[in-house]
Amino acid sequence: MLMYPHIDPIAVRLGPLAIHWYGITYLVAFGLFYFLATCRLRHPQFAAVTQPAPWSRRDIEDMLFWGVVGVIVGGRLGFCLFYKPEFYAAHPLQVFAIWEGGMSFHGGMLGVIGAMILWAHRRGRPWLQVTDLVAPCVPLGLASGRVGNFINGELWGRFAPPDLPWGMVFPQSGSMLPRHPSQIYQFLLEGVLLFVLLWLYARRPRQTGQVSGAFLVGYGVLRFIAEYFREPDAYLGLLSLGLSMGQWLCVPMVLAGIALWAWASRRPAA
């Protein structure tokens, strides 16, 4: 079995300023989004758009700004509402203590969707066209975030069989028994695999909304699977039917994705 390598979460110290690896992974995620989104502009379904105006790099820059705000606000509020509602109801000012940690992907996703709806409305663009452009650019950013989780030695997995070759001991978990390195599983599933599948699917023209629906279904299914190997949050444990909070949040996500994809498929061709 392997031992967690105890990586210093601080990448660089500049006097009183400390730059954390986790913050760097967020910057990498935003940089990957910008690069991939500009590549998406060359795909036929976006290169051919002329109304209300052709897509441009300036649009990507504006969307990135709105998306960052959506990720931070939505991710924080989602964590507070989904995972610790009683605590934050009793300590409302702690909602703003982002430096103490606590972000939710599902909340961040809702925040980004809200931000994209507002941006699309301001620019006069169909918001599903906007989310179809964005969706394939997201998974590699999620993969970058999982690297940050691993560096921080957080969100470790459940106990693994003793003979699992890649079973890893996380001493900070309070146990010296091997666990699944679930951060790596999520990096590979929700990040790399989802990116490859979605990028290949989105390269060809699709009905507006189909790519967004495929993302919801793909992420929801892969996250649901990965959660079987991830240790549930200690303050929540497993919920109804032996599922974690992350799995229960994936259920409406998958259902919404199926409904969106089916609805988009029945629309007349553009």
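Just so we're clear, the structure is a prediction, and the values are computed from it rather than from any experiment.

**Topic: the packing of helix α9 (residues 210-227) against helix α10 (residues 245-266)**
Interaxial distance between α9 and α10 falls to 7 Å at its minimum, and their mutual angle equals 155°. Considering the angle they form, α9 stands roughly antiparallel to α10. Where α9 crosses over α10, the handedness of that crossing is left-handed. Here the contact of α9 with α10 is composed, by residue class, of 16 nonpolar, eight polar and two charged.

**Focus: the pairing of strand β3 (residues 17-20)**
Regular strands place side chains that alternate from one sheet face to the opposite one. With four bridges joining them, strand β2 (residues 10-14) and β3 adopt antiparallel strand pairing. In the sheet register, Val12 faces β3, and the bridge partner there is Ile19. Following β2, the chain reverses through two residues before pairing antiparallel with β3; Gly15 in that reversal takes a positive phi of roughly 65°.

**A word on the nonpolar core**
In this structure, Phe33, Trp55, Ile60, Met63, Met116, Val130 and Leu133 are the most contacted members of the largest nonpolar core, which totals 22 residues. Among the secondary structure elements, those contributing two or more residues to this core are α1 (21-40), α3 (57-82), α5 (105-123), α6 (127-134) and α8 (182-203). Looking at this core, the element that brings in the most residues is α5, giving five residues. Leaving out residues up to four positions away in the same chain, Met63 has contacts with Trp55, Met116, Trp119, Val130, Leu133 and Val134. Formed by 16 residues, the second largest nonpolar core is a distinct cluster that contains Phe105, Leu142, Phe215 and Tyr219.

**Examining the side chain of Thr25**
Turning to its location among the elements, Thr25 is positioned in helix α1. Given a relative accessible area of 6%, Thr25 falls into the buried group. A distance of 2.6 Å separates the side chain of Thr25 from the backbone oxygen of Tyr22, its partner in a polar contact. Apart from the residues within four sequence positions on either side, Thr25 is in contact with Ser144, Gly145 and Gly148.

**Remarks on the pattern of salt bridges**
Following the criterion strictly, the structure yields eight salt bridges and no others. Between Glu227 and Arg223 there is a salt bridge whose closest N-O contact spans 2.8 Å. Here the residue Glu227 and the residue Arg223 both occupy positions in helix α9, the gap between them amounting to four residues, near one helical turn. Relative accessible area serves as the criterion here: at 4%, Glu227 is assigned to the buried category. What you see here is one network of salt bridges that share partners, running through Arg58, Asp59, Asp62, Arg123 and Arg125.

**Describing unusual backbone geometry**
The linkage connecting Gln51 with the following residue, Pro52, adopts the cis geometry, with an omega of 0°. Relative to the elements of secondary structure, Pro52 occurs in the loop between α2 (44-47) and α3. Even without a glycine there, the phi angle at Leu155 is positive, about 55°. With respect to the secondary-structure elements, Leu155 resides in the loop between α7 (139-152) and β4 (168-169). A residue is classified by how much of its surface remains accessible, and Leu155, at 26% relative accessible area, is partly exposed. In this model, Leu241 sits at a positive phi of 60°, which is unusual for a non-glycine residue. The residue Leu241 is located in the loop between α9 and α10 in this model. Judged by relative accessible area, Leu241 falls into the exposed class, the value being 74%.

**Notes on the environment of Gly78**
With respect to the helices and strands, Gly78 occurs in helix α3. Contacts of Gly78, omitting those with residues within four sequence positions, involve Tyr83, Ser104 and Gly107.

**Comments concerning the packing of aromatic side chains**
Going through the model one piece at a time under the given rule, you end up with 15 aromatic pairs. Between the aromatic rings of Tyr185 and Phe229, the centroid separation amounts to 5.3 Å while the plane-to-plane angle is 90°, which identifies the pairing as edge-to-face. Taken together, the positions of Tyr185 in helix α8 and Phe229 in the loop between α9 and α10 put the pair 44 residues apart, joining distant regions of the chain. For Phe229, a relative accessible area of 31% gives the class partly exposed. Ring geometry for Phe215 and Tyr219: centres 6.2 Å apart, planes at 25°, overall stacked. Note that Phe215 and Tyr219 are positioned in helix α9 at a spacing of four residues, about one turn of the helix. Tyr219 matches Phe215 in its accessibility class, with the two residues each being buried. Across the ring face of Phe87, the terminal group of Lys84 is positioned such that the distance to the ring centre comes to 5.8 Å. Note that Arg206 overlies the ring of Tyr201, its terminal NZ or CZ placed 4.0 Å from the centroid.

Thresholds applied
- Residues numbered from 1 in each chain as written.
- Predicted model: local features only at pLDDT ≥ 70, side-chain atom pairs only at ≥ 80, totals over all residues.
- Heavy atoms only, no water.
- Axes fitted to C-alpha atoms, helices over the stretch in contact; angles between N-to-C directions.
- Helix = DSSP H or I, 4+ residues; strand = E, 2+ residues; numbered from the N terminus.
- Parallel < 35°, antiparallel > 145°, perpendicular 65-115°, else oblique.
- Left-handed = near helix turned anticlockwise from the far one by under 90°.
- Nonpolar A, V, L, I, M, F, W, Y, C, P; charged D, E, K, R; others polar.
- Pairing = 2+ DSSP bridges.
- Core = buried A, V, L, I, M, F, W, Y, C linked by side-chain atoms within 4.5 Å.
- Buried < 20%, exposed > 50% of the residue type's maximum accessible area, 1.4 Å probe, protein only.
- Contact = heavy atoms within 4.5 Å.
- Polar contact = N/O pair within 3.5 Å; in protein donor to acceptor, adjacent residues only side chain to side chain.
- Salt bridge = Lys/Arg side-chain N within 4 Å of Asp/Glu carboxyl O.
- Phe/Tyr/Trp six-rings, centres within 6.5 Å; stacked < 30°, edge-to-face > 60°.
- Lys NZ or Arg CZ within 6 Å of the ring centre and 35° of its normal.

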